[in-house]
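What the coordinates show
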Amino acid sequence: MNINTSPLSDDQIELFTRLTNSLSKEQLAWVSGYLAGFSASGVSSESPEIQEPVAETNIQNTLTILYGSRTGNGEGLAKKALKMATEQGLNATIKSMADYKVRDLQSEKNLLVIVSTHGEGVPPFAARELHEFIYSKRAPKLENTTFAVLALGDSSYFQFCKTGKDFDEQLEKLGAKRLVPRIACDVDFEEAAENWLKATLPAFGDGKATAKAKPQFRLDIPVKVSVAEKKPEAHTKKNPFMAPVYEKISLHGKGSKRQTLHIELSTENAPGLDYEPGDAAGVYPLNSAELVGDVLAVTGLNAGDFVIFNGVEKKLETALHRNVELSKITTDVVGRYLETYPNKKLKKLSEDTDKFKEYLDGRDIVDLLQDYPSEITAENLIKILRPLQPRYYSIASSPKAYPGELHLTVGVVNYENAGREKYGTCSTYLSEVEVEDEKVPIFIERNPGFRLPENDETPIIMVGAGTGIAPYRAFVQHRELAEKPGKSWLFFGNRNFETEFLYQTEWQGFLKSGALTKMDVAFSRDGDKKVYVQDRLLENAKEVYQWLEEGSNFYICGDMKNMARHVQDTLVKIVEKEGVMTKENAQEYVANLEKERRLQLDVY
Ligand SMILES: Cc1cc2nc3c(=O)[nH]c(=O)nc-3n(C[C@H](O)[C@H](O)[C@H](O)COP(=O)(O)OP(=O)(O)OC[C@H]3O[C@@H](n4cnc5c(N)ncnc54)[C@H](O)[C@@H]3O)c2cc1C
Ligand SMILES: Cc1cc2nc3c(=O)[nH]c(=O)nc-3n(C[C@H](O)[C@H](O)[C@H](O)COP(=O)(O)O)c2cc1C
């Protein structure tokens, strides 16, 4: 028998050989019986996609868990739901909306939808097709479907959990029966989501499902696994990697009033930190000592007061520095503040959506406590504030070109508002981090909706403004190493040619080497007339359309509020003019590009 031809991994072969070599004949006989029994019991610690049906004929005990996730929160919850459902005896399967055949919807009996919201109230990329389908004329009647929706979101956005709400309402309109009211989970969703799942999952069954039988065998022979043999745990959002900082370089020339930094982090030997061009890195920041000082000053609280955060007692100053958001105030924070410290004026403001939005924009917790003072206690302050969230940065390096490294392009946020100078928490934290002396907590956020074409020869058009250029550096580095890279065209916009042409010499090098075929730039503040990337696209309409007709992918990265919308509108104009078609047909052409994943957006 040749173990090397077995389906076991090298590590497993080594472990297995060492175990079998150490066993007596009797022990071997017992172990082979045990393994046969274990295998027959159907218990598996892996492969969540393949589940043993508990009661194949009982459709009431089947459940499809359908998730639409971008940053992985929904995916993680879906996997947890699968485990819980299976333990409860449900015959559950898990599917990403990205791979889901929309036509299968009509045959679903029990459906658990877990979906987040992105952009400004739009579905994550993975959920777009299904979301569109349920609103389309092709959407089926779902009278035989029972469903429940777990919506993920962030209440700092005005369109809180919009996509989950859409699914919930539209499934009902299509005739499906809502099993329980939808839950809308905020950023600290874990506990609420788990409790809701615990209460909801049993209701999907017919009450007859029983927990899966555990194997009847017990392994009495201890298998010693030394620490050295244990695979190191992969770094994730919950277990970030402390990345050493290799390099920090200012990308702006002298005289620029703004700051954009190129930061190089080491990811060497860090499991879970492998990435592809298009992915982003999540960074956990710290609040600045200055802002913490301002909060203490405005509240009159003592830095050394003790508070509880997440069940752990710590000094107020530490909690303010590490655990809670100070630089932004959101509707949920104001809501909790009002509940604890009622204030008529603030209540009135919070009821006027436009004025309230305007007030919140650019203000921080110091402003709120100054404008609407109270005798707030340290304990209540920590309860009212929201947990400090990681920020995301598009990765600006290709792992092929820089193995063991990860580069970021960080625009440092700094503005004046309500009479005070304000600094973005994470960008400022990164701007102050000490090269070679400090480590930055990071994890990878996969972004399957923003990828280079599978075929290296497919042409690509990349449009980005400001830090929106970051992923294109990764794209071009990656394609430079491909055997036969297709042509590529970069449109880049910023304010000034002299001071804000990010990575100028690198692009020139890529143009020279042929890794980049063409580059057009737009600097909005150089001349009398403001010029933006969309203007450059329009000037090149004929050739842009030609590239699209040749099968080029089209990418947009950077500012969500203005640039992305203008570029998409311009794309429609280009197609309308150069393709000689009606506006409606041009819109359909662009919509099809998106459906075919040839038009991809990474906007924030
Ligand atoms: C997928 C993704 C990729 C991203 N990639 C990048 C990237 O490659 N590079 C990059 O630099 N950023 C990127 N970002 C943005 C980044 O995540 C942070 O949002 C950004 O760095 C600001 O975070 P901060 O903690 O410094 O600021 P915060 O403390 O979060 O403060 C930001 C807030 O300040 C307010 N504000 C900012 N400017 C003004 C102003 N002029 N007037 C009034 N109010 C203002 C706004 O309310 C804003 O929400 C990306 C975001 C996402 C979601
Ligand atoms: C760029 C961006 C935009 C977002 N927009 C919204 C929004 O409009 N409404 C909302 O409720 N949540 C919004 N969120 C928050 C996410 O929905 C939330 O973080 C959720 O937990 C993500 O789940 P996922 O990782 O499964 O995608 C946004 C997050 C990001 C990064």
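For clarity, every value in this text was computed on a predicted model and none was experimentally measured.

Tallied over the full model, the rule gives 35 salt bridges. Its salt-bridge partner being glutamate 194, residue lysine 80 comes within 3.3 Å of it at the nearest N-O pair. Taken together, the residues lysine 80 in helix 3 (residues 73–87) and glutamate 194 in helix 6 (residues 190–204) connect sequence positions 114 residues apart. With relative accessibility at 27%, the residue glutamate 194 sits in the partly exposed group. In this structure, glutamate 132 and lysine 595 form a salt bridge, with 3.7 Å as the shortest nitrogen-oxygen distance. With glutamate 132 in helix 4 (residues 128–135) and lysine 595 in helix 21 (residues 583–595), the pair connects residues that are 463 residues apart, well separated along the chain. A relative accessible area of 46% places glutamate 132 in the partly exposed class.

Take the confidence of the model for the chain next. Of all residues in the chain, 86% attain a pLDDT of 70 or more, and the chain-wide mean is 89. Long-range and interchain partners of residues 36–57, a stretch whose pLDDT sits below 50, account for 23 contacts in this model, where long-range means more than four residues apart. Predicted confidence is poor over residues 210–225, with pLDDT under 50, and the contacts of this stretch with residues over four places away or in other chains come to 30 contacts.

One non-glycine residue, cysteine 161, lies in positive phi territory at about 55 degrees. Inspection of the secondary structure assignment puts cysteine 161 in the loop between strand 4 (146–152) and helix 5 (162–173). For cysteine 161, a relative accessible area of 2% corresponds to the buried category. For valine 580, which is not glycine, the phi torsion reads 45 degrees and is therefore positive. Along the chain, valine 580 falls in the loop between helix 20 (563–578) and helix 21.

Our next topic: the site of ligand 2. Neighbouring ligand 2 are 19 residues; Ser69, Arg70, Thr71, Gly74 and Thr117 lie closest to it. The contact in question runs from an oxygen atom of ligand 2 to an N or O atom on the side chain of serine 69, over 2.7 Å. Here ligand 2 loses 92% of its free accessible area of 650 Å² to cover by the protein chains. Residues belonging to the shell around ligand 2 are distributed by class as follows: 4 nonpolar, 12 polar and 3 charged.

Of all residues adjacent to ligand 1, which total 21 residues, the nearest are Ser327, Tyr392, Tyr393, Cys426 and Ser427. Note that an oxygen atom of ligand 1 is positioned 2.8 Å from one of the side-chain N or O atoms of arginine 391. Within the backbone of threonine 409, an N or O atom sits 2.7 Å from a nitrogen atom of ligand 1. Computed on the free molecule, ligand 1 has an accessible area of 980 Å², of which 74% lies beneath the protein chains in the complex. For the shell around ligand 1, the secondary structure elements donating two or more residues are strand 12 (391–394), strand 13 (405–411) and helix 14 (425–432). For the shell around ligand 1, the element with the most residues is strand 12, which contributes 4 residues. Of the residues that constitute the shell around ligand 1, the class distribution is 7 nonpolar, 9 polar and 5 charged. Taken together, domain 3 (241–285 + 390–445) and domain 4 (289–384) each give at least three residues to the shell around ligand 1, which thus spans both.

Tracing the sequence through the fold places valine 283 in strand 9 (residues 280–283). The class for valine 283 is buried, based on a relative accessible area of 0%. If we skip the residues at most four places from it in the chain, valine 283 touches Pro390, Arg391, Tyr393, Leu408, Cys426, Tyr429, Leu430, Val440, Pro441, Ile442 and Phe443.

What follows is about empty space enclosed by the protein. Summed over the entire model, instances satisfying the criterion amount to 1 cavity of 30 Å³ or more. Within this model, the largest cavity holds a volume of roughly 40 Å³. What lines the largest cavity is simply Ser69, Arg70, Pro124, Phe125, Ala126, Asn447, Pro448 and Gly449. The residue inventory of the lining of the largest cavity, partitioned by class, reads 4 nonpolar, 3 polar and 1 charged.

Going residue by residue along strand 10 (residues 306–309), you find Val307 and Phe309 tucked away on one face and Phe306 and Ile308 left uncovered on the opposite face. The pairing of strand 10 with strand 11 (residues 312–315) spans 4 bridges and is classified as antiparallel. Considered in strand 11, the bridge of valine 307 is made with lysine 314. In this structure, the hairpin formed by strand 10 and strand 11 is closed by a connection of 2 residues, where asparagine 310 is found at a positive phi of approximately 55 degrees.

Moving on to the environment of glutamate 190. Here glutamate 190 is to be found in helix 6. Distance from glutamate 190 to leucine 77, taken between C-alpha atoms, is 8.1 Å for residues 113 residues apart in sequence.

Leu320, Leu326, Tyr337, Ile365 and Leu368 are the most contacted members of the largest nonpolar core, which totals 34 residues. Listing elements by their share of this core, those giving two or more residues are helix 7 (289–299), strand 10, helix 8 (316–322), helix 9 (331–340), helix 10 (344–351), helix 11 (353–360), helix 12 (365–371) and helix 13 (378–384). Filtering out sequence-adjacent residues up to four positions away, leucine 368 remains in contact with Ile329, Val334, Tyr337, Leu346 and Tyr359.

A separate point is the packing of aromatic side chains. To describe a pair of aromatic rings, you give the distance between the ring centres and the angle between the ring planes. Enumeration over the complete set of coordinates arrives at 18 aromatic pairs. With a centroid separation of 5.3 Å and an interplanar angle of 75 degrees, the aromatic rings of phenylalanine 450 and tyrosine 555 are classed as edge-to-face. Of the two residues, phenylalanine 450 is situated in the loop between strand 16 (439–445) and strand 17 (460–465) and tyrosine 555 in strand 20 (residues 553–558); the sequence distance between them amounts to 105 residues. Among the residues examined, tyrosine 555 registers a relative accessible area of 0% and is labelled buried. Aromatic side chains phenylalanine 475 and tyrosine 555 sit 5.0 Å apart centroid to centroid with 75 degrees between the ring planes, which places their arrangement in the edge-to-face category.

Conventions and cut-offs
Residues numbered from 1 in each chain as written. Chains lettered and ligands numbered in written order. Predicted model: local features only at pLDDT ≥ 70, side-chain atom pairs only at ≥ 80, totals over all residues. Heavy atoms only, no water. Salt bridge = Lys/Arg side-chain N within 4 Å of Asp/Glu carboxyl O. Helix = DSSP H or I, 4+ residues; strand = E, 2+ residues; numbered from the N terminus. Buried < 20%, exposed > 50% of the residue type's maximum accessible area, 1.4 Å probe, protein only. pLDDT = per-residue confidence, 0-100. Contact = heavy atoms within 4.5 Å. Near = heavy atom within 4 Å. Polar contact = N/O pair within 3.5 Å; in protein donor to acceptor, adjacent residues only side chain to side chain. Areas by Shrake-Rupley, 256 points an atom, 1.4 Å probe, with all protein chains shown as cover. Nonpolar A, V, L, I, M, F, W, Y, C, P; charged D, E, K, R; others polar. Domains from an automatic or database assignment. 1 Å grid on protein atoms, 1.4 Å probe; cavity = no way out; pocket = protein on both sides within 12 Å on 5 of 7 lines; lining within 4 Å. Points joined across faces, edges and corners; volume = space filled by probe spheres on them. Pairing = 2+ DSSP bridges. Core = buried A, V, L, I, M, F, W, Y, C linked by side-chain atoms within 4.5 Å. Phe/Tyr/Trp six-rings, centres within 6.5 Å; stacked < 30°, edge-to-face > 60°.

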